[in-house]
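Descriptive analysis of the structure
So you can see what is in the structure, the chains are spelled out below.
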Amino acid sequence: MSSNNDKQLHIIFLPYMAPGHMMPMIEIARIFASQGGTRATIITTPANASRFQKTINRDNKPGHLITFLTVSLPTKEVGLPEGCENLVSAQTRETTFKLIRAIEMLQPKLETMLVESKPDCIVSDYLYPWTVDVAKGIGIPRLAFSGSCFFNQCICYSLEKYRPHDKIVSENEEFVVTDLPDNITITKSQLQDLVKGETSFNALFDRLKEAEKKSFGVLINSFYELERDYADYYRKVIGIKSWHIGPLSLFNRSLDDKLDRGDKSTVDAHNCLSWLDSKESNSVLYICFGSLTRFTKPQITEMASALQNSGCSFIWVLGKVMKCNDDESGSEQEAEEWWLPDGFEETALANGKGFIIKGWAPQVLILEHNAIGGFMTHCGWNSILEGVCAGVPLITWPVFAEQFYNEKLVTQVLKVGVPVGNMVWKAWATDESELVEKEKIEIAISKVMGGEEEAGNVRTKAKMLKELAYKAVEAEGSSNKDIKALLQEIKMHRQG
Ligand code: UDP
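Below: a short report on this structure.

1. Some details on the sheet that holds strand E15 (residues 372–377)
On the basis of which strands lie adjacent, the open sheet formed by 6 strands has the order E14-E11-E10-E15-E16-E17 and parallel pairing. In this open sheet, the two strands that pair with only one neighbour each are strand E14 (354–358) and strand E17 (417–419). Across the sheet, the axes of successive neighbouring strands diverge by a mean angle of 15°, strand direction being ignored. Pairing of strand E10 (residues 284–288) with E15, which is carried by 5 bridges, proceeds in the parallel orientation. Along E15, the bridge assignment pairs cysteine 288 with threonine 377.

What follows is the structure, encoded as structure tokens:
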């Protein structure tokens with residue numbers, strides 16, 4: 001007779017509709033389902049499900065069960081273009097607000113779906129704080145997932161508790177963040193608005209933090225050896241139960257999984273890889289600013305000149321800039337722009353120096369090619385971890401959200417990157433920001449892509465971290481052990 005402990009666990013996943021949230025959460029679902037004895041249901045909209053369906057179909061071998069449960073987004077009701085179901089397709093502040101509103105409107109439907117699915121556990125994006133009450137109502141654990149790292153959680157806690165910035169007058173003066181395991185310095189200009197004073201987001205963030213505290217625990221896409229002191233601080237000083245279960249992207253072992261990750265690539269990946277094959281090891285800079293960040297035309301021009309002057313080979317992923325104008329009927333007229341200087345792309349291609357990807361790149365696949373010698377990144381947490389897994393040094397160019405905090409982890413604690421020198425945090429990924437001049441960009445490129453003398457140190461450290469990352473996900477690795485321990489705890493909870 002089978003005991004309750006042998007009964008399959010059913011875990012339901014509710015990812016937020018943005019690539020940096022959704023991709024790692026779907027990887028968690030796939031990892032849990034691969035452990036055997038666990039079934040995963042992912043709730044999302046049809047357009048989002050279709051981005052991942054091929055990968056999920058490949059995973060659904062006997063014994064692994066992952067299904068999508070879809071819900072339609074009220075796009076028409078809020079005036080969104082059809083198919084705009086993810087923040088990656090909402091390229092203006094107005095469209096983003098409409099999408100956020102449409103997602104909020106789903107709450108009653110989602111509540112019913114969660115209850116009717118009768119799961120044993122809910123893994124919820126932290127942006128859905130109300131799932132705490134749903135889980136409580138049905139007597140199951142709620143695990144929160146924000147997609148960020150321990151270091152970020154610790155820095156936010158310290159800034160809120162000790163408010164060191166209140167004593168600082170100048171926006172550009174560096175100060176030390178109080179009581180952290182390392183002497184972390186930052187400027188006021190790099191802090192999020194809501195840290196410095198009341199904004200329209202403070203109440204929401206208070207609610208999110210409250211929900212995190214009331215949760216069964218928090219899942220962190222990181223590994224213990226990467227940020228040991230901060231994992232301990234989060235658990236012991238802040239007192240939040242958590243499991244480190246990353247790097248999640250390492251779960252994609254097959255070429256197909258890496259190719260299809262997150263979205264369909266807009267380039268022929270084989271062309272891109274054979275271009276890389278023609279380059280020497282560590283000689284190509286990969287440049288990508290995540291799924292949401294967009295720069296202005298003057299900033300793109302500065303980057304293009306810096307690349308030309310540096311003489312460095314590069315792959316540059318450019319996000320589509322959508323200019324949306326609401327017309328009288330409320331529907332949007334959209335125009336695509338890339339904003340590259342005239343002739344730049346053609347010259348780069350002709351002299352073999354540059355490969356430009358307009359749209360979605362197979363990032364993990366590119367990063368792990370041995371021709372890649374550096375990664376210029378906006379410091380989204382997924383991108384940083386993917387750079388760590390590839391063992392490449394980083395050029396940090398944070399822009400919004402918690403990216404400046406992530407930068408400090410890279411440059412001041414791990415010491416696997418150099419800052420480009422962006423000083424000013426902005427509220428939205430698509431807002432204009434202060435120009436980073438080409439001279440600064442060139443200096444950062446030469447520090448990371450230069451010879452042994454300039455870049456040897458960061459490169460050696462980056463390679464060491466890569467080894468540790470791979471070890472963490474081996475059978476006896478720290479992350480794998482935490483995943484197993486967590487699933488066991490959920491089973492115990494079910495037995496009550
Ligand atoms: N990504 C990708 N191709 C692209 C742009 C982004 O595969 O062209 C992936 C990237 O590998 C990462 C995620 O999208 O996993 C972006 O997440 P991150 O946290 O770095 O930044 P965000 O997009 O949330 O700002």
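2. Focus on the site of the ligand
The local shell around the ligand holds 18 residues, among which Ser291, Ala361, Asn382, Ser383 and Glu386 are the closest. Glutamine 363 places a side-chain nitrogen or oxygen 3.2 Å from an oxygen atom of the ligand. Considered on its own, the ligand offers 530 Å² of accessible surface; in the complex 94% of this is hidden by protein. Sorting the residues of the shell around the ligand by element identifies helix H1 (19–34) and helix H16 (381–390) as the ones contributing at least two each. Broken down by class, the residue content of the shell around the ligand amounts to 7 nonpolar, 9 polar and 2 charged.

3. Notes on the pairing of strand E8 (residues 217–220)
Neither face of E8 is open: one carries Gly217 and Leu219, the other Val218 and Ile220, and all of them are buried. Where strand E5 (residues 142–145) meets E8, 3 bridges bridge the pair, whose relative direction is parallel. Considered in E8, the bridge of leucine 143 is made with glycine 217. In the sheet, E8 pairs with strand E9 (residues 242–244) via 3 bridges, with the strands oriented parallel. In the strand pairing of E9, leucine 219 is matched with tryptophan 243. Once the chain exits E8 it traverses helix H10 (residues 228–238) before rejoining the sheet at E9, and the crossover so formed is right-handed.

4. Observations concerning the pattern of salt bridges
Inspection of every chain in the model, using the stated rule, returns 20 salt bridges. In this structure, the salt-bridge partner of arginine 30 is aspartate 257, at a minimum N-O distance of 2.9 Å. Separated by 227 residues along the polypeptide, arginine 30 in helix H1 and aspartate 257 in helix H11 (residues 255–259) bring together distant segments of the chain. Looking at arginine 30, the relative accessible area reads 3%, which means it is buried. With a shortest N-O distance of 2.9 Å, lysine 408 and glutamate 407 are connected by a salt bridge. For the pair shown, lysine 408 and glutamate 407 are each scored as buried.

5. Focus: the sheet that holds strand E4 (residues 121–125)
Strands in a sheet are paired, the pairing made by backbone hydrogen bonds, and the direction either parallel or antiparallel. An order of E3-E2-E1-E4-E5-E8-E9 is seen for the 7 strands of this open sheet, with the pairing classed as parallel. Both edges of this open sheet fall to strand E3 (65–70) and E9, since each of them pairs with a single strand only. Sheet twist, expressed as the average angle between the axes of neighbouring strands with direction ignored, equals 25°. Set on the sheet, helix H6 (residues 131–138) makes contact with strand E1 (9–14), E4 and E5; between it and E4 the angle comes to about 175°. On top of the sheet, H10 reaches E8 and E9; it is set at about 175° to E9, its chief contact.

6. As for a nonpolar patch on the surface
A cluster of nonpolar side chains, namely Phe97, Phe201 and Leu204, defines an oily patch on the protein surface of about 250 Å² accessible area. Structurally, the position occupied by phenylalanine 97 is in helix H4 (residues 93–105). Taking relative accessible area as the criterion, phenylalanine 97 reaches 42% and is therefore assigned partly exposed.

7. Structural notes on unusual backbone geometry
Here the residue pair glycine 246 and proline 247 is connected by a cis peptide bond, since its omega of 0° sits within 30 degrees of zero. Structurally, the position occupied by proline 247 is in the loop between E9 and H11. The backbone of arginine 163 sits at a positive phi, close to 45°, despite the residue not being glycine. Arginine 163 sits in the partly exposed class, given a relative accessible area of 29%. At lysine 415, a position not held by glycine, the phi torsion is positive, near 55°. Take lysine 415: it is sitting in the loop between helix H17 (403–414) and E17. Classification of lysine 415 as partly exposed rests on a relative accessible area of 43%.

What counts and how
- Residues numbered from 1 in each chain as written.
- Predicted model: local features only at pLDDT ≥ 70, side-chain atom pairs only at ≥ 80, totals over all residues.
- Heavy atoms only, no water.
- Pairing = 2+ DSSP bridges.
- Helix = DSSP H or I, 4+ residues; strand = E, 2+ residues; numbered from the N terminus.
- Axes fitted to C-alpha atoms, helices over the stretch in contact; angles between N-to-C directions.
- Near = heavy atom within 4 Å.
- Polar contact = N/O pair within 3.5 Å; in protein donor to acceptor, adjacent residues only side chain to side chain.
- Areas by Shrake-Rupley, 256 points an atom, 1.4 Å probe, with all protein chains shown as cover.
- Nonpolar A, V, L, I, M, F, W, Y, C, P; charged D, E, K, R; others polar.
- Buried < 20%, exposed > 50% of the residue type's maximum accessible area, 1.4 Å probe, protein only.
- Right-handed = clockwise from strand over helix to strand, strands pointing away.
- Salt bridge = Lys/Arg side-chain N within 4 Å of Asp/Glu carboxyl O.
- Contact = heavy atoms within 4.5 Å.
- Patch = residues over 30% accessible without salt bridge, like charges linked within 9 Å, V, L, I, M, F, W, Y side chains within 5 Å.

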